Structures are given as structure tokens and as C-alpha cells.
Amino acid sequence: MPFVAKAAESPSLEAIASRVKDYRAAVISDIHLFHPQTHTSLIIENLDKAFPDNAETAALDVIHIDGDLFDTDVPYADGLVPLIESWALRFLRRCSKHDIMLRVLAGTYSHDRNQSRMFDKLKTLHNLDVDLLYVDKVWVEHSEKLATTILYVPDFTTIDEQTVWGMVETAMNEAGVSRVGYAHIHGGWSYQMPDMPAVQRLCHRMDKYLAIVDNYISSGHIHTPSIYARIYCNGSFDRLNQGEEEPKGHWRFWVPKDGKDEITFIVNEGAQTYTRVDVMGLPLEEAISRIESVAKVLRVDSRIEIQSVRGDPIFGAIPRMRTMYPNLVWSIKALARAENAKSNPMEQLVITTHTRLPLDKDGLPGIMLGRLKEKNLSEELLARCATLLPEYL
């Protein structure tokens, strides 16, 4: 079921007055096909349900995929490739049938490695009439069909926000505009991240973008959906890890000329279930009872994780639980001590458990910074290293 979000901030009266036509868009991101835990077949099934061939889909002017359509790269011989290409072809044909524009933004390089260019290849191969663009640079689009301007900012994982903002200013100058109607960005915002200098220097600043965007900003990268003023963060389309119990889905924007905007989060009802059961400190029989009360109501293929301190007897009972509930995927989280269960602000920086960075100028800074962080260097020194590394690669 969808729910309607009330924005903390509405467009200005001047922005509403400048609208030339109504605008209807769907924005989705962080789909992560080829994910190692949530099956690609389930994600595609949910994508088909999210964009069926019906009146609601047909009414859309544009669909934006704001980064991380894929989780990783795989050989073309991988058995999931035909499944994904079949979905992509259905998706393109639906866009062609209903004259829906499709814009695909490059995401985090450890996930998106230009695999999304498959849309261009399928469009050409099947001679489809689709208004399609894959955007892998900071760029401003002048859209005649939508009668607006759109700023695109792909992910720059290891580049500081001031440098990225400089790219935005350059793109705006080249486009001959001081403001845009909408923006689509893949990357973290300062309000989403821990208040640590080494992290914050890489985060987008809300006030900068809100000052140049008349209507709404859409953003991908962080997997929990959220709203800040006129910034709408998608979160991941499906659940991909433990700790993602919140609703998943995508945003729909209805922005009419009269200013009676309606922004709706369309919930992905079929999203994979991830459940963590904390039995820390419970006697064995009580812990088993709590786990069974959760396990017996979970749907087939749900992921269930049992959390307690290392050495807890409950971990010895997990093989028995697997036998009793074989249609669930079981895992354990053994903590060194009870206080480790407290929330760690750095956990939200870990998006997936499976990434492979390339050994080139794009991937090496991330690899080298990860090794440096293991040496317990100061945040100031880490920030300095992050600035200097690209100059030597």
C-alpha cells in the first residue's frame, strides 16, 4: 500500500508560478541486481509489480533510475544475465508503448560499472522508440517534453563535496542556467552520515542544492528512505541486508501547474524479509521459544539472524532450528560482549557485504583508504590522504 509523504518544505510560490506544464515521474534507485543475498529473480518480480502495464504506469512522463541498478559485474555467461535482459527489454517496451522517458544515472563505481548501458544496446538491437539517456557525468538537461531543466550528479565516492560542487557549478554555467527545476543525485547527504570530519567532507550539503533547485531533489545511495525539506531519498528498492526492516519501494511525483503537489511512496510489498532476533541474556529455553515465535510466521525464503554474545548455548541449537524450519535462511551474529549490540554509527556506511573494487584510478583510492583506516590513523590524516591519493594515481 502506498503512503503519501508530507514534505518538510514546499516549492516557493515563484517556483510554482514558473511551471509550464504538469509533471509526473517515478524515481527508483539502489536496485542491486546480482545481489549475493536477495535473489535477483525476486527483485525482478517486484520490479514488474512496481511498473505493470496499467493506467498508473502509462500516466508517467518519466522514470528515473538514480544509480546502483546493479550490485556487481558478472561474466556474460552468468545464468542471471538472460533474466535481467528479458526484464530490461520488457521495461523498455513499456516505456516505448506509453511514451515514457527513461533516465538512468550512474551509481557507486563498486556496483555500477556501466552495465546499465545494456538499455542502449537493447534499444538499438530491437529498434525501440524510447527517449532514453544514460548519464555518467555532472550534467544539466534541458527537456522540451517536460518543459524543465534537470541536474544530474552521479556518485563520486572518493571525491570531496567541494570538488563535486565545483563540477555542478561548471555544468550549470555551461547550460546557461542559475537554477534548475529538478535534481537527481547518487550520493550521501550530511544529515544521513555520522558527524565525523573524514566522512562529512564527502557528503553533499543540503542547503547548496536546495538553493538552486526550484522543485524537488531525488537521491539514491543510502538504503533507508528519508525526506529532508525538498530532498527525497529513495532508499533501496528491496531489502538487501539485516537491519533493513523499514518499508522499501520508490517515489512517485505528481507536480501539477497549480502547485497541489502529491508525492507518494509506493511500497514494495514483496520485498525480501530480513529479521534479526536478539536473544542476548535469555535462558536457553526462553531463547528457543522467542526464536520459534518469530520463525513460524515468516514466509518462505525469509532471512532470520540470531544475535547474542559469543559462546551463548543458543548457537548450538541453530542446527535443530534449521531442521524445523528448512524454508528459512538462517545466520548468526555473535557479539564479543553485550555492549557491542549498541548502534554503531559507522554501520550505516556498509551498504552491501560483497563489493569488488577495480585496480585502476577509480577503484584504488577506495582500496587504499580502507587499508589506511585499519591502521587507526587520525581523521585529519585520513582526510589529507583522501585528497592527495588521486594526484598520485
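The structure presented is a predicted model; accordingly, all values stated were derived computationally and were not measured. (Residues numbered from 1 in each chain as written. Predicted model: local features only at pLDDT ≥ 70, side-chain atom pairs only at ≥ 80, totals over all residues. Heavy atoms only, no water.)

Chemist: Just give me the short version of the nonpolar core, but keep the residues and values in it.
Modeler: Membership of the largest hydrophobic core comes to 36 residues, with the highest contact counts inside it found for Trp87, Leu102 and Phe119. Sorting the residues of this core by element identifies strand 2 (23–28), helix 2 (40–50), strand 3 (62–66), helix 4 (81–97), strand 4 (101–105), helix 5 (118–125) and strand 5 (132–135) as the ones contributing at least two each. Tallying contributions element by element places helix 4 first for this core, with 8 residues. With residues near it in sequence (within four places) discarded, Phe119 still touches Ile65, Leu69, Trp87, Ala88, Phe91, Leu92, Leu102, Val104 and Leu132. Residues Val153, Val177, Ala183 and Met206 belong to the second largest nonpolar core, which totals 24 residues. (Core = buried A, V, L, I, M, F, W, Y, C linked by side-chain atoms within 4.5 Å. Buried < 20%, exposed > 50% of the residue type's maximum accessible area, 1.4 Å probe, protein only. Helix = DSSP H or I, 4+ residues; strand = E, 2+ residues; numbered from the N terminus. Contact = heavy atoms within 4.5 Å.)

Chemist: I'd love a proper account of the sheet that holds strand 14 (residues 274–278), names of residues and values included.
Modeler: In space, the 3 strands of this open sheet follow the order 14-15-16, with parallel pairing throughout. For this open sheet the edge positions go to strand 14 and strand 16 (329–335), each flanked by a neighbour on one side alone. Within this sheet the neighbouring strands show an average axis-to-axis angle of 20 degrees, counted without direction. Sheet analysis places strand 14 next to strand 15 (residues 303–309), joined by 5 bridges and oriented parallel. Paired with Asp278 across the two strands is Gln307, which belongs to strand 15. Contacts between helix 9 (residues 284–295) and the sheet are confined to strand 14, strand 15 and strand 16, with strand 14 contributing the most and set at about 165 degrees to the helix. (Pairing = 2+ DSSP bridges. Axes fitted to C-alpha atoms, helices over the stretch in contact; angles between N-to-C directions.)

Chemist: So what's going on with the sheet that holds strand 7 (residues 148–153)? Which residues, and what values?
Modeler: Overall, mixed pairing links the 6 strands, which are arranged 6-7-8-9-11-10 in an open sheet. Edge positions in the open sheet fall to strand 6 (139–143) and strand 10 (226–228), since each of these has one partner strand only. Adjacent strand axes in the sheet meet at a mean angle of 20 degrees when their direction is disregarded. Here strand 8 (residues 180–186) runs beside strand 9 (residues 213–220); their pairing, made up of 6 bridges, is parallel. In the strand pairing of strand 9, Tyr182 is matched with Tyr216. Running over the sheet, helix 6 (residues 161–175) touches strand 6, strand 7 and strand 8 and is turned about 35 degrees from strand 6.

Chemist: Break down the pattern of salt bridges for me, with residues and values.
Modeler: This model, assessed by the stated rule, comprises 17 salt bridges. Across the pair Arg90 and Asp48 runs a salt bridge whose closest N-O atoms are separated by 2.7 Å. Of this pair, Arg90 sits in helix 4 while Asp48 sits in helix 2, placing them 42 residues apart in sequence. For Arg90, a relative accessible area of 31% translates into the label partly exposed. On the accessibility criterion, Asp48 (24% relative accessible area) is partly exposed. Across the salt bridge formed by Arg103 and Asp131, the nearest N and O atoms sit 3.0 Å from each other. Linking Arg103 in strand 4 with Asp131 in the loop between helix 5 and strand 5, this pair joins segments that are 28 residues apart in sequence. Residue classification places Arg103 among the buried positions, given a relative accessible area of 2%. Assessed through its relative accessible area of 34%, Asp131 is described here as partly exposed. The network of salt bridges with common partners includes Arg103, Asp131 and Glu141. (Salt bridge = Lys/Arg side-chain N within 4 Å of Asp/Glu carboxyl O.)

Chemist: Let's hear about the environment of Leu42: which residues, and what values?
Modeler: Within the secondary structure, Leu42 is located in helix 2. In this structure the C-alpha to C-alpha distance between Leu42 and Gln272, which are 230 residues apart in sequence, comes to 7.7 Å. In contact with Leu42, other than residues within four places in its own chain, are Asp238, Gly270 and Gln272.

Chemist: Could you give an account of the side chain of Asn268, with specific residues and numbers?
Modeler: Residue placement: Asn268 occurs in the loop between strand 13 (262–267) and strand 14. There is a polar contact of 3.1 Å between the side chain of Asn268 and the backbone oxygen of Phe237. Only 3.4 Å separates the side chain of Asn268 from the side chain of Asp238, close enough to count as a polar contact. Apart from the residues within four sequence positions on either side, Asn268 is in contact with Asn46, Phe237, Asp238, Lys248 and Gly249. (Polar contact = N/O pair within 3.5 Å; in protein donor to acceptor, adjacent residues only side chain to side chain.)

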